[in-house]
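# Structural description and commentary
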Amino acid sequence: MNTLKTTVPLSWTAKEQTKHENFNLIKKFNRFADGQKENHTLWWFVNLMVHGTLILAIPAVLIYYYNAPVIVLAITIACFFSTFVANMCGSGIRTTLATFFISLLVHAVMILLVVFL
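In this text, all values refer to a predicted model and were calculated from it rather than measured experimentally.

Turning our attention to the overall build of the protein chain. Within the protein chain, the regular secondary structure consists of 5 helices and 0 strands. Scanning the protein chain from its N terminus toward the C terminus, one meets helices and strands in the order α-α-α-α-α. Counting all 117 residues of the protein chain, 24% fall into the buried class. Counting contacts in the protein chain only where the partners sit at least 6 residues apart, residues at least 24 apart contribute 76% of the total. A total accessible area of about 9000 Å² is found for the protein chain, and carbon and sulfur atoms account for 68% of it.

As structure tokens, then:
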């Protein structure tokens, strides 16, 4: 019975860098999204649950406690329906993740603007 492997897989060996690659956020996102293709339904449910439980409550808190303008509600509804429609129409995993993360970013900026300004 051979339980110990004495050979090192090729992927573990030191790789020689021949070209210096620049940091590209879009390529990193696309690589991440392509790796999540088999989890597309899971991301759809995460998207739906996060928007339904957390994101849709943000305008109520901001308008009631911080006297935010009503445009906060319009932005939230637009983000919710854009992600909802994109997911229900069978868009790809890149679109699903992009709309989800853009919506989170928009709401984080909106919270920072309303609370701290």
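Residues W43, L62, A68, V72, L97 and V114 are the most contacted members of the largest nonpolar core, which totals 13 residues. For this core, the secondary structure elements donating two or more residues are α2 (40–53), α3 (58–66) and α5 (93–116). No other element matches the 5 residues that α5 contributes to this core. The residues contacting V72, other than those within four sequence positions of it, are P59, L62, M110 and V114.

Time to look at helix α4 (residues 71–88). Taking 1.5 Å as the rise per residue, α4 with 18 residues should run 26 Å; its terminal C-alpha atoms sit 25 Å apart, in good agreement. For α4, every residue scored as buried is listed here: V72, T76, C79, F80, T83, A86 and N87. The buried residues of α4 occupy one face: seen down the axis, they fall within an arc of 140°. Away from its buried face, by an angle of more than 90 degrees, α4 presents the exposed residues I71 and M88. Next to the buried residues of α4 lie α2, α3 and α5. One or two steps after α4, the chain reaches G90, where phi turns positive at roughly 80°.

Turning to the packing of α3 against α5, a few remarks are in order. Between α3 and α5, the least distance of the axes is 11 Å, while the angle of their chain directions is 5°. If you check the angle between α3 and α5, you find them roughly parallel. Between α3 and α5, the contacting residues are I58, L62 and Y66 on the first element and H107, I111, V114 and V115 on the second. In the contact of α3 with α5, the residues fall into 6 nonpolar, 1 polar and no charged.

To continue, consider the packing of aromatic side chains. The description of two aromatic rings rests on the distance between their centres and on the angle between their planes. Going through the model one piece at a time under the given rule, you end up with 8 aromatic pairs. Judged by centre distance (6.2 Å) and plane angle (85°), the ring pair of F32 and W43 falls under edge-to-face. Of this pair, F32 sits in helix α1 (residues 25–35) while W43 is found in helix α2, placing the two residues 11 residues apart along the sequence. Put simply, the rings of F32, W43, F100 and F101 pair up and form one aromatic cluster.

A separate point is the environment of T99. Among the secondary structure elements, T99 is positioned in helix α5. As a C-alpha pair, T99 and F84 span 15 residues in sequence and 9.3 Å in three-dimensional space. Setting aside residues no more than four positions away along its own chain, T99 makes contact with N47, T83 and A86. Within the structure, the side chain of T99 is placed 2.9 Å from the backbone oxygen of T95, a separation counted as a polar contact.

Cut-offs used in this document
- Residues numbered from 1 in each chain as written.
- Predicted model: local features only at pLDDT ≥ 70, side-chain atom pairs only at ≥ 80, totals over all residues.
- Heavy atoms only, no water.
- Helix = DSSP H or I, 4+ residues; strand = E, 2+ residues; numbered from the N terminus.
- Buried < 20%, exposed > 50% of the residue type's maximum accessible area, 1.4 Å probe, protein only.
- Contact = heavy atoms within 4.5 Å.
- Areas by Shrake-Rupley, 256 points an atom, 1.4 Å probe, with all protein chains shown as cover.
- Core = buried A, V, L, I, M, F, W, Y, C linked by side-chain atoms within 4.5 Å.
- Expected span 1.5 Å × (residues − 1).
- Arc of directions from axis to C-beta.
- Axes fitted to C-alpha atoms, helices over the stretch in contact; angles between N-to-C directions.
- Parallel < 35°, antiparallel > 145°, perpendicular 65-115°, else oblique.
- Nonpolar A, V, L, I, M, F, W, Y, C, P; charged D, E, K, R; others polar.
- Phe/Tyr/Trp six-rings, centres within 6.5 Å; stacked < 30°, edge-to-face > 60°.
- Polar contact = N/O pair within 3.5 Å; in protein donor to acceptor, adjacent residues only side chain to side chain.

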